[in-house]
Amino acid sequence: NYVSNKEINERVEDVIKIVGLENKTSTLIRNLSGGEKQRVAIARSIISSPSIILCDEPTGNLDHENSLKIMEILETISKDKLVIVVSHDLNLLNKCADEIYFMEDGVILNKVINKKGDTYKPLKIKNIKHSPKKIKLNSSFLFKYPLSKIKQKKVRSFISISIAAL
């Protein structure tokens, strides 16, 4: 599917407005604040118009004000797309999440329906114990794979081996 430069520029302008960075378009990334960098990351993730957006601790290194801005942006995006946020900040999630799932050791323990009277509704999910699979590697693989990587990246491998030999 061909997309014209005009369409691309319009899409970029729309996304920049959504994340509130229209006055920072000529600023270098190294000169942006942490919250602005996080909004750039969100803009990059939505520019291709995915149907699902996954966010792992999107507010982890931000102050409270910027955290709220990020969550407001994600809440706006969630009107058109599925947005899944993984976070340890329950207070922040309570302000904007529709549903909150609690997990422990890879198992969903319960779910809270939020913004609809804040009612607690436990899920009936079988508690499945996940045991890690032990993988047995063929001994020939242990030699062939590293050698193939050395062949692919000869210069880098040579430099690394030379430094290690010192």
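Residues numbered from 1 in each chain as written. Predicted model: local features only at pLDDT ≥ 70, side-chain atom pairs only at ≥ 80, totals over all residues. Heavy atoms only, no water.

So, about the pattern of salt bridges. Counted according to the given criterion, the structure contains two salt bridges. The closest approach of N and O atoms between glutamate 36 and lysine 24, which form a salt bridge, is 3.4 Å. You can see glutamate 36 sitting in helix 2 (residues 34–46) and its partner lysine 24 sitting in the loop between helix 1 (5–19) and helix 2, a full twelve residues away along the chain. Under the relative-accessibility criterion, glutamate 36 is labelled buried at 12%. (Salt bridge = Lys/Arg side-chain N within 4 Å of Asp/Glu carboxyl O. Helix = DSSP H or I, 4+ residues; strand = E, 2+ residues; numbered from the N terminus. Buried < 20%, exposed > 50% of the residue type's maximum accessible area, 1.4 Å probe, protein only.)

Before going further, it helps to examine helix 1. Helix length check: helix 1, at 15 residues, gives a terminal C-alpha distance of 21 Å against a target of 21 Å (1.5 Å per residue), a fit within 8%. Residues Val15, Ile16 and Val19 constitute the buried set of helix 1. Down the axis, helix 1 shows its buried residues gathered within 100° of arc, on one side only. Within helix 1, the exposed residues directed more than 90 degrees away from the buried face are Lys6 and Lys17. Buried residues along helix 1 sit in contact with helix 2 and helix 3 (64–77). (Expected span 1.5 Å × (residues − 1). Arc of directions from axis to C-beta. Contact = heavy atoms within 4.5 Å.)

Estimated volume of the largest pocket: approximately 800 Å³. What lines the largest pocket is a set of 24 residues, and nearest its centre among them are Ile84, Val85, Glu99, Ile100 and Tyr101. Elements represented by at least two residues in the lining of the largest pocket include exactly helix 3, strand 2 (82–86), helix 4 (90–96) and strand 3 (99–104). Size it by volume and the second largest pocket reaches roughly 260 Å³. As for the second largest pocket, its lining consists of 14 residues, and the residues nearest its centre are Ile16, Leu21, Lys24, Thr25 and Val40. (1 Å grid on protein atoms, 1.4 Å probe; cavity = no way out; pocket = protein on both sides within 12 Å on 5 of 7 lines; lining within 4 Å. Points joined across faces, edges and corners; volume = space filled by probe spheres on them.)

Attention shifts here to the environment of isoleucine 46. Structurally, isoleucine 46 can be placed in helix 2. By relative accessible area, which is 3% here, isoleucine 46 ends up buried. Distance in space between the C-alpha atoms of isoleucine 46 and arginine 11 is 10.0 Å, their sequence separation being 35 residues. Contacts of isoleucine 46, omitting those with residues within four sequence positions, involve Arg11, Val15, Ile18, Ile53 and Ile77.

What follows covers the pairing of strand 3. Pairing geometry for strand 3 and strand 4 (residues 107–113), over six bridges, is antiparallel. Each residue of the ladder has a partner; that of methionine 103, found in strand 4, is isoleucine 108. The loop that links strand 3 with its antiparallel partner strand 4 comprises two residues; one of these, aspartate 105, has a positive phi angle of about 55°. (Pairing = 2+ DSSP bridges.)

Its 13 residues place the ends of helix 2 19 Å apart at the C-alpha level, agreeing with the 18 Å of an ideal helix rising 1.5 Å per residue. By the burial criterion, the buried members of helix 2 are Gly35, Glu36, Arg39, Val40, Ile42, Ala43 and Ile46. Along the long axis of helix 2, the arc covered by the buried residues comes to 160°, so they all point the same way. Taken together, the buried residues of helix 2 touch helix 1, strand 1 (52–56) and helix 3.

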